[in-house]
Every structure is written in structure tokens, then in C-alpha cells.
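Here's the letter readout for the chains.
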Amino acid sequence: MSTKVIVETTINGVPETFVCEPRQTLLEVLREELGLTGTKEGCGNGNCGACCVLLDGRPVNSCLVLAVEAQGREIVTIEGLAADGLHPLQQAFLEHGALQCGACTPGFLVSAKALLDAHPRPTEQQARRWLAGNLCRCTGYDKIIRAVLDAAERMQADGSAGEAALADKAEAGATGNAPQSSSRPTAGEEVRPA
Amino acid sequence: MEAFAYAAPRTVAEAVELLVGANGSARVLAGGTDLIPQLQEGRRRASLVVDVKRIPDLCVLDWNPEEGLTIGAAVPCAQVAAFPRVQQHYPALHTACTLIGSVMVQNRASLGGNLCNAAPSADSVPPLIVHAAEAVITGPGGTRRVPVESVCTGPGQTCLAPGELLVRLHLPVPPPHTASAYLRFTPRNEMDIAVAGVAAAVTLDPAEGTCAHVRVALGAVAPTPVRAIAAEEYLAGKPLTDEHLRRAAQLAVEAAKPISDVRGSAEYRRHLVTVLTFRTLRAVRDRLAGGPAARS
Ligand code: FES
Ligand code: FES
């Protein structure tokens, strides 16, 4: 009943055309048709963030995107982060020991890149908020947060914030995406158990 | 996922034609954060998925001082939350848009989808109700406007007939001296679904210091989000003293018909309604006074 469709897109700055069925997710096509296996599948239903990619510059769960929706869109995957050598976030993750099994790491790195694109000097609270959709069963999160904040500082210091990586080329085309509100309202906005 | 056909129409008329042609077996795709897992798990079926994100009318986000706020049904929560007028005039809705799922989910999930998915716990629906939002729905027979509080008819059920499409939400300009808030209870900080949620909006009569208009809406404690009419009527004409807020919070429970499930017992949910209604109204009062909650 459903026929295959041709999808023209840009992945990590390179034009890419693929053929898929409408029922295939972007995650499935990235991994199984295009060989971009850096993007991971954890849950397949939007809960873990292992499949995070940038779609027109914004982080999304690629398991919750149909591949056909990518028509005319720009995608950045974990493979697009490193340019000449590792991205500062990748370097910081290594130095801080911010990974153990590594299954969650590509998702964290892409989410963290989106955070630093929107907020080059994030507070810890902002970082935790932006990474809340990424689950890690190994590290306990602290080292990840420290690595992200450290990478932000280093990128500020050497002026590399918002440039360099291949990924940013893709985002240059994503005009009309207003920077998003980052920090969740605090005082009195959520009720906790007493 | 079972196979389906996919279409990305460019106009509302084309979309309606596709929906009518599929005779009830098509599903509308906006952000997909509910639909795609439902299709994957077989909880919903579709012969055709109609992606409405390429229709300009469904991507509008606009405010003007006469008509208020217009939100296209496919606009993602992150975009709504980032729109300055939303935080300024519709703070209850702003809060909900920052609470739904993760940043990744908010970049995709639309308010139209949150409403049409009709989960009793949908965070944006109680705020839309207290902001007196209307849904603009187009079908083969033309366009109708329905108050948001009448859209959900049961868990996963809406008043939309097969072939009808939610095009946009319309929120009137709040009168002067109005404030609103939304609070929910979740055991976890992030990425959780409300055990109960309460939105409230109050317009003050500045001369009398009493409530001129009150709306209170509850989420996750009935088959659909509901207004707490008894609480609203009680507060009308009264000042927002702690005592009156407490009484209104007790009356709000009358509208709750909760179930017991994995997230909480019915009794616990009723208790949450009183606690959350009191705190939500208190947050509204703080905002009316220009207090800290107003600057969230
Ligand atoms: S695999 Fe996509 S969120 Fe878990
Ligand atoms: S390092 Fe193992 S899940 Fe995060």
C-alpha cells in the first residue's frame, strides 16, 4: 500500500538523497540506510534521548521523526560534530570521564551542542534542564554536567563558541528559528512532595 | 510500525480533502511525539499520515491587541514559549509549554497535538481553558469555533468529526488586572506526566479589590480536563484572601472525578486538587500584586 519515497535533505552539511518508506523513522534511516550509526537507539519512543539529532538546528528525538519529514531539512548528527579534531565538548567528555558504556554519549553531545549554540555560557541549571531528556544509566550525570560547563568555558576562552564545527554550516540555513526559552520558571512553578 | 501512506499538503483545503478521502483512517501528524509511538505500539492505526507542518495556516504564531494570540495547531511548544507575548499575557500557558517533556520534545510537540491527543493529563489544556481559548476547526462542511473546554470528550476522544482538522487556537487579550498560573504535581523533576494539574486565571476589579472574573481548570483528575465551576463561582466578587482561596480549593474537588492508577490513587489526586488549587490561586495573587511569581 505504501510506496517508497525519495527524500532530499542535507546531513552534516552535505546534500543527501535517500529512499525510504513513510513508516521508517529518521533514526532507522540514519542508522540502517545511511550507515550513520553514531546516533543510538535506546528506547525508540522519545524517553531516553540517545537518538538526539539537530533538525534545522534544533535538538529532536530522531526516533520520533519520520524520515520523510526530513524533506528539504538540515540534519546534524553526532558524526557532524568533530571538524579538525574533536569538538571541545567531545574533548571535555573524555577528560572528565563523562562516559562509561558510551551508549548515551552521542545523544548527550548533540543536546549539549544545541545548548551551547543557544546559550554559550549556560548556568548549571540550564545545562541540567537542556539535558533532562537524555538518560544515562552509568555516570550519575555530574561528570557530564561538569564536562559541558567546562567545554563552554573553554570555547569562550578560545573564541570558538558558535563556529568551527561542520554542524554550524547546517544551522546557518536555519533562519526563522527564534532562540528558544531555556530556563524553566523556578519559584513556585512546580509542586514537590513536602 | 505498520505501513501507511504519507502526504504533506500545503493548504487546509487539501488536508481536509485527504482526511475526508481516507474516511476516518487517516491521522494528522504535527510534532509526532504522541502519534509516532502510538503507531509504533499499535495503539492507533493509520492508512494515511497527513503531515500538516507545511500548511502556513497551521504554523502561524501571531499577536495583536484586538484579536489576541493566534497559535497555529502545528506550532511547537518551544516556539510558543519563546514568543514574548505568551510569557507576558498568558503565563499559565507559558509554564505548560516549558513543562511538557524535554527540550527535544518541546521542539516538536504542538499545542494542537496536545489538545487533539486528548490525554486527561495534557499540560497545556487547563491553561488554554483558563485563557478562554477557542479552537478553530475546519472540515468539509466549513469552519467552526469551539471553546477549548469542549474539544476533549473523553480520554483520547475529541469533538472533531472524521475529516475535520484543528487549524488554530485563538486566545483573547486578557483584560487589564488579569494574571494566571499553572501548577502541576509530578514525582520527578523532569520528563514526567502530571498526577494532577491546576490552572487559574483571575481578573481583579481594581476599585473593589475583588475578583471580577475567575477561571479554574483541572487536569489529570477526570476523563478530560475540566473547569472547577463551584470554585470559580465562590470566588467571584470576593477578595483573594487566604481564607477564600482555601474554601475555593475545597470546592474545586467537586469537579474532580479521578481514577486510581500507577501515578496515584483517586484519593491522593483529590488531595492534590485542593493543595494545587490553593497554591495556583496564591501564585495568581502574587502575580496580580507584581510579586515574585510574576517574574518567573
Ligand atoms: S531512542 Fe529516541 S528517545 Fe530513546
Ligand atoms: S555512559 Fe552508559 S548510559 Fe551513559
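Computed from a predicted model, the values in this text were never measured in an experiment. (Residues numbered from 1 in each chain as written. Chains lettered and ligands numbered in written order. Predicted model: local features only at pLDDT ≥ 70, side-chain atom pairs only at ≥ 80, totals over all residues. Heavy atoms only, no water.)

Caption draft 1: Just the overall build of chain B, in detail. Secondary structure summary: chain B contains 11 helices and 14 strands in total. For chain B, the C-alpha radius of gyration of 19 Å lies close to 19 Å, the compact-globule estimate for 296 residues. Buried positions account for 57% of the 296 residues belonging to chain B. Once local pairs closer than 6 in sequence are excluded, the contacts in chain B between residues at least 24 apart make up 60%. When the accessible surface of chain B is split by element, carbon and sulfur atoms take 51% of a total near 11,400 Å². A distance of 4 Å separates the average location of the 28 positive side-chain charges in chain B from that of its 26 negative side-chain charges. (Helix = DSSP H or I, 4+ residues; strand = E, 2+ residues; numbered from the N terminus. Rg over C-alpha atoms; globule rule 2.2 N^0.38 Å. Buried < 20%, exposed > 50% of the residue type's maximum accessible area, 1.4 Å probe, protein only. Contact = heavy atoms within 4.5 Å. Areas by Shrake-Rupley, 256 points an atom, 1.4 Å probe, with all protein chains shown as cover. Lys, Arg positive; Asp, Glu negative; His and termini not counted. Charge placed at Lys NZ, Arg CZ, Asp CG, Glu CD.)

Caption draft 2: Representation of the interface of chain B and chain A in the model. In this assembly, 50 residues from chain B lie in contact with 42 residues from chain A. Approximately 3,800 Å² of surface area, both sides summed, lies buried where chain B meets chain A, with 56% of it carried by carbon and sulfur atoms. Summed over the three residues of chain B that lose the most area to chain A, namely Arg54, Val103 and Met104 of chain B, the buried surface amounts to 17% of that side. At the boundary of chain B with chain A, the tally comes to two salt bridges. Among the ionic pairs, glutamate 69 of chain A bridges to arginine 108 of chain B, the shortest N-O distance being 2.8 Å. Inspection of the chain B/chain A interface yields 10 residue pairs in polar contact (both at pLDDT 80 or more). Contributing elements (two or more residues each) for the side of chain B that touches chain A: β1 (5–7), α2 (35–40), β3 (48–51), α3 (77–82), α5 (91–99), α6 (103–106), β11 (178–185) and α11 (266–288) of chain B. (Buried area = accessible area lost by both parts, 1.4 Å probe. Salt bridge = Lys/Arg side-chain N within 4 Å of Asp/Glu carboxyl O. Polar contact = N/O pair within 3.5 Å; in protein donor to acceptor, adjacent residues only side chain to side chain.)

Caption draft 3: Here's a closer look at unusual backbone geometry. In this structure, asparagine 12 of chain A is a non-glycine residue whose phi angle is positive, near 50 degrees. Relative to the helices and strands, asparagine 12 of chain A is located in the loop between β1 (5–11) and β2 (14–20). Positive phi values are uncommon outside glycine, yet alanine 118 of chain B reaches one of about 55 degrees. By the element assignment, alanine 118 of chain B lies in the loop between α7 (111–117) and α8 (125–130). On the basis of relative accessible area, alanine 118 of chain B is assigned to the buried category, the value being 1%.

Caption draft 4: A look at the sheet that holds strand β2 (residues 26–29) of chain B. Residue and element names in this part refer to chain B. Within the open sheet, the three strands sit side by side as β1-β3-β2. Their pairing is parallel. Both outer strands of the open sheet, β1 and β2, are each paired with one neighbouring strand and no more. Across the sheet, the mean angle from the axis of one strand to that of its neighbour is 25 degrees, orientation sign disregarded. Sheet topology note: the β1/β3 ladder contains three bridges and is parallel. (Pairing = 2+ DSSP bridges. Axes fitted to C-alpha atoms, helices over the stretch in contact; angles between N-to-C directions.)

Caption draft 5: Fine view of the nonpolar core. Membership of the largest hydrophobic core comes to 60 residues, with the highest contact counts inside it found for Ile71 and Leu169 of chain B. Val195, Cys211, Ala255 and Leu276 of chain B belong to the second-largest nonpolar core, a separate cluster that totals 36 residues. (Core = buried A, V, L, I, M, F, W, Y, C linked by side-chain atoms within 4.5 Å.)

Caption draft 6: Local environment of the domain arrangement of chain B. All names here are of chain B. Looking at chain B, the domain boundaries give domain 1 (5–51), domain 2 (56–171) and domain 3 (178–295). Between domain 1 and domain 2, the C-alpha centre-to-centre distance is 18 Å. Taken together, the contact pairs 16 residues of domain 1 with 18 residues of domain 2. Where domain 1 abuts domain 2, roughly 1,200 Å² becomes buried across the two surfaces, and 64% of that area is made up of carbon and sulfur atoms. Here domain 1 is connected to domain 2 by zero salt bridges. For the pair domain 1 and domain 2, the interface holds three residue pairs in polar contact (both at pLDDT 80 or more). Listing elements by their share of the side of domain 1 that touches domain 2, those giving two or more residues are α1 (12–21) and α2. Residues that form the side of domain 1 that touches domain 2 fall into these classes: eight nonpolar, five polar and three charged. (Domains from an automatic or database assignment. Nonpolar A, V, L, I, M, F, W, Y, C, P; charged D, E, K, R; others polar.)

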